[in-house]
Structures are given as C-alpha cells and as structure tokens.
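Descriptive structure summary
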Amino acid sequence: MPPECDNDGMGWFRVFGLTLVLAGSAACGGGSAPVAPPPSGPAVDPATAGAVTVSVGFEGVVPEPVMMRLDGDPKCVAENGGKERASESLLVGADRSLQNVFVYVKDGLGDYAFPVPTEAVVIDQQKCRYTPRVLGVRVGQPLSIRNSDPLMHNIRSDGQINQPFNMSTPLQGVSFDRTFATREVMVPFRCDVHNWMSAWVGVLDHPYFGTTGPDGRVVLNGLPPGTYTIEAWHEELGTRTEQVTIGSKETMDVAFTFTR
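Here goes a summary of the coordinates provided. (Residues numbered from 1 in each chain as written. Predicted model: local features only at pLDDT ≥ 70, side-chain atom pairs only at ≥ 80, totals over all residues. Heavy atoms only, no water.)

**Examining the overall build of the chain**
For the chain, the helix and strand inventory stands at 3 helices and 18 strands. Burial statistics for the chain: of 260 residues in total, 48% are counted as buried. In the chain, once contacts between residues fewer than 6 apart in sequence are set aside, the share between residues at least 24 apart is 65%. (Helix = DSSP H or I, 4+ residues; strand = E, 2+ residues; numbered from the N terminus. Buried < 20%, exposed > 50% of the residue type's maximum accessible area, 1.4 Å probe, protein only. Contact = heavy atoms within 4.5 Å.)

Here it is as structure tokens:
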C-alpha cells in the first residue's frame, strides 16, 4: 500500500524522502476511474431555452465563526500570517446572502444529451485551504487538482458511488487530473495532513449547476421548457428543494432560505 494510504495519516512523515517519486505516481485505487460513454439523446434547442435565477439566503442569528488552529504546521502559519483562521463552513454576507451553496437541477431533464466539456475544472490547495471549497464538475470532465503551497498536502476523495482516491501533492506546483464515472452529489474531499482542509464536489451528467458566491446567487441558463426539481445543498445546513415549471424562453426567480 502506498504510504499516503495509511489509515493513521503518518505515512507522509515516514517517507518524506520519497515524496519526489510519489508526486507523479502515488495513488490508492490506481488511475482515473473508467468513464461511461457519452450519453445519446436529443440536444436542447437554444431558441426555446429559458433560465432560472436562484437566490439563497440565511435566516436567524449568524453564529460566530469557528476559529481553526493552524500551528500544527508552521508553514501554514506563515502562509496565513497567523496561528488561527476563521472556518469557511458558514459564510453569510451583510445582506444575509449565503455563500458556498451548491445549486443544481436534481431531476426533470429526461433524455436530453449534453456534450462533456474537455476543459478541466480546477481545485487548488492555496494557503492551506481548498479553493474553491464547493464546486461542480461533469461526469467525464477532467478535474485538475493542484498544489500552489510551498508545503506538502494530499487530497482524499471519499466518494460513495464514484471510486475513492487518495493522492499526494508533496511539492508546490504538483498537479494531476481525475475524472468521475457517474453522478454523485456531493463527493467530500479532505487533506490527511491538515485536518481542517475540506471541500465538496458535485458530479453531474448535465450542465445546470453552480455554487453561490458572496451575492448568494446562481443562474441556471439554457434550460429547455419543462418541470424541474431545483436543489440547494449546504455542507452544514442540509438541502432545500423547489419544483419549477418554465415555458419556452421563460425566465424565473427562485429563492431558498436556510436557517439553523
């Protein structure tokens, strides 16, 4: 078993001298998971497509941010300019908009087929955090995993449907690509070296998804006429769903509110 697959996470330190070798080849479970062939079916007619704009907000008392200790790794302290950093698990704006909510069409698309993008989606390890924290990727689309920090990380994907993997990124500039074979919302990512580092990846077989930014909004463009279930997912607050029906060239607004 490669050392980075050790359950106790200490294999990193026992084999530090081998990290140059591990950078390009270490993995639990081999290479990228096999990808299903592209789906066949009708294409969306852009002349009739509409859009749904989703707004996500928070209601209630906003809790004080949890402070994470970074002093277990002096290099993380140096990268962040201090021994503590606020958790990014719950980010509420001044207007009560909620950030890092994954919004997607859960069902209703029938047998439409969507070309798979060849351009990679990027998740980076920067300042001892995953950036972005919440993101989406298509089935079969490359996910490029990078390390921009001058220190050692790993990335563990604990998919329940897709094949899990655990890869080392021991040096600044190291990167590798993975693909996912089937739909799964959400796939958790974490770093065994720095236990505060977390990310979530939504894997979908269509392009109608996005993650809310500071404004709490996602626009699902190019939807064909139909009835859909829209779901909003948050790592701490759970999910909210809404059924919508849009006609030809119609636009619609949907609002979700989370509380705790």
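Right, picking up where we left off after that structure.
**Considering the sheet that holds strand β6 (residues 129–131)**
The sheet built from 4 strands is open, its strands ordered β6-β5-β8-β11 with mixed pairing. Each of the sheet's edge strands pairs with one partner strand only, and the pair in question is β6 and β11 (175–178). Each adjacent strand pair in this sheet contributes to an overall mean axis angle of 20°, direction not counted. Of the pairings in the sheet, the one linking strand β5 (residues 121–126) to β6 comprises 3 bridges and is antiparallel in character. (Pairing = 2+ DSSP bridges. Axes fitted to C-alpha atoms, helices over the stretch in contact; angles between N-to-C directions.)

**Observations regarding the pattern of salt bridges**
For the structure shown, the criterion picks out 10 salt bridges. Each of Arg156, Asp158, Arg190 and Asp192 takes part in one network of salt bridges that share partners. (Salt bridge = Lys/Arg side-chain N within 4 Å of Asp/Glu carboxyl O.)

**Details of the state of the cysteines**
Within this structure, the stated rule accounts for 1 disulfide. Counting only cysteine sulfurs, cysteine 128 is the nearest neighbor of cysteine 191, a cysteine outside any disulfide, at a range of 8.1 Å. (Disulfide = S-S within 2.5 Å.)

**Looking at the sheet that holds strand β15 (residues 217–223)**
Strand order in the open sheet made by the 3 strands is β15-β1-β18, with mixed pairing throughout. Sheet topology places β15 and β18 (251–259) at the edges, where each strand pairs with a single neighbour. The mean inter-strand angle of the sheet, taken between neighbouring strand axes irrespective of direction, is 20°. Note that strand β1 (residues 50–59) and β18 share 9 bridges and pair parallel. Bridge pairing in β18 places valine 56 opposite phenylalanine 256.

**Here we look at the nonpolar core**
With 27 residues, the main nonpolar core has Ile123, Leu143, Ile145, Ile155, Phe165, Phe180 and Phe189 as its most contacted residues. Counting only elements with at least two residues in this core, the list comes to α3 (74–80), β5, β7 (134–138), β8 (143–147), β10 (165–169), β12 (184–190) and β13 (198–204). Of the residues forming this core, the biggest block, 3 residues, is contributed by β13. In terms of nonpolar packing, the next biggest core, distinct from the first, is built from 26 residues, Phe58, Val105, Phe256 and Phe258 among them. (Core = buried A, V, L, I, M, F, W, Y, C linked by side-chain atoms within 4.5 Å.)

**Observations regarding the packing of aromatic side chains**
By the definition in use, this model includes 7 aromatic pairs. Here the aromatic rings of phenylalanine 114 and tyrosine 208 are separated by 5.5 Å at their centres, their planes lie at 85°, and the arrangement is edge-to-face. Remark: tyrosine 208 occurs in the loop between β13 and β14 (209–211) and phenylalanine 114 occurs in the loop between β4 (102–107) and β5; sequence separation between them is 94 residues. Judged by relative accessible area, phenylalanine 114 falls into the buried class, the value being 9%. Taking the centre distance of 6.5 Å and the plane angle of 45° together, the rings of phenylalanine 165 and phenylalanine 180 count as tilted. With phenylalanine 165 in strand β10 and phenylalanine 180 in the loop between β11 and β12, the pair connects residues that are 15 residues apart, well separated along the chain. Here the two residues phenylalanine 165 and phenylalanine 180 agree in accessibility, since each one is buried. Taken together, the ring pairs connect Phe102, Tyr104 and Phe209 into an aromatic cluster. (Phe/Tyr/Trp six-rings, centres within 6.5 Å; stacked < 30°, edge-to-face > 60°.)

Distances and angles like these do not, on their own, reveal function.
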